[in-house]
Amino acid sequence: MPVRIARLGTARLKGEGLRVGTVRRPPRGVPKEKFASGNWYDVWLPELSPSEATVKFGQKAQTDADWKVFARRYAKEMSAPTASRLLDLLAVLSRQTDLSVGCYCEDESRCHRSILRALLAERGAKIVS
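Residues numbered from 1 in each chain as written. Predicted model: local features only at pLDDT ≥ 70, side-chain atom pairs only at ≥ 80, totals over all residues. Heavy atoms only, no water.

## Some words on the pattern of salt bridges
Side-chain pairing between opposite charges can occur once the charged atoms of the two side chains come close.
Part 1: With the rule as written, the count across this model stands at eight salt bridges.
Part 2: As a salt-bridge pair, Glu-16 and Arg-19 come within 2.5 Å of each other at their nearest N and O atoms. Each member of the pair, Glu-16 as well as Arg-19, is classed as buried.
Part 3: Between Glu-108 and Arg-117 there is a salt bridge whose closest N-O contact spans 2.9 Å.
Part 4: When its relative accessible area of 22% is taken as the criterion, Arg-117 is described as partly exposed.
Part 5: One salt-bridge network, in which partners are shared between bridges, spans Arg-25, Glu-52 and Lys-56. (Salt bridge = Lys/Arg side-chain N within 4 Å of Asp/Glu carboxyl O. Buried < 20%, exposed > 50% of the residue type's maximum accessible area, 1.4 Å probe, protein only.)

## Examining the nonpolar core
Part 1: Judged by nonpolar contacts, the single largest core of 23 residues is most densely connected at Leu-48, Tyr-74, Met-78, Leu-87, Val-101, Ile-115 and Leu-120.
Part 2: Elements represented by at least two residues in this core include exactly strand S1 (3-7), helix H2 (64-77), helix H3 (81-93), strand S4 (99-103) and helix H4 (112-122).
Part 3: Top contributing element to this core by residue count: H3, with five residues.
Part 4: Among all residues touching Met-78, those that are not within four sequence positions of it are Glu-47, Leu-48, Ser-49, Ala-83, Ser-84, Leu-87, Leu-119 and Arg-123.
Part 5: Listed in part, the six residues of the second largest apolar core include Leu-8, Phe-35, Tyr-41 and Cys-111. (Core = buried A, V, L, I, M, F, W, Y, C linked by side-chain atoms within 4.5 Å. Helix = DSSP H or I, 4+ residues; strand = E, 2+ residues; numbered from the N terminus. Contact = heavy atoms within 4.5 Å.)

## Some words on the packing of H3 against H4
Part 1: Direction vectors running N to C along H3 and H4 enclose 70°, while the axes themselves pass 9 Å from each other. Taken together, the axis directions place H3 and H4 in an arrangement best described as roughly perpendicular. Residues Leu-87, Leu-90 and Ala-91 of H3 form the contact with H4, whose participating residues are Leu-116, Leu-119 and Leu-120. (Axes fitted to C-alpha atoms, helices over the stretch in contact; angles between N-to-C directions. Parallel < 35°, antiparallel > 145°, perpendicular 65-115°, else oblique.)

## Points about the sheet that holds S4
Part 1: Strand order across the open sheet formed by five strands is S3-S2-S4-S1-S5, with parallel pairing between neighbours. Looking at the sheet topology across the chains shown, the edges are occupied by strand S3 (43-44) and strand S5 (127-128). (Pairing = 2+ DSSP bridges.)

Right, here's the structure in full:
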């Protein structure tokens, strides 16, 4: 019963379970009642998305050094009490039920979900690719 790291808006994989959107904003132009059926997310959890300033910085990251700065900023945001408790919850749930967390970005290696993957693993989450 693992957690998957998913790209929101893509077809769900078999056994993916509940899809959690860790994005700052809902998908543009998609009615709320279509979020789940359109494979966006079942539950929106913007508390696990980077702050607006951090997102903007990450979108402008051109070098590996820039990306490392983004990763540190986001990890620091996720160390705040609310975010940290939510990550703990998802890690525990990953050992008991199927779920997925995700974002819209095409390239996970340059997306906060790559950092989410590491933060969840640090908390003992069971993660599948």
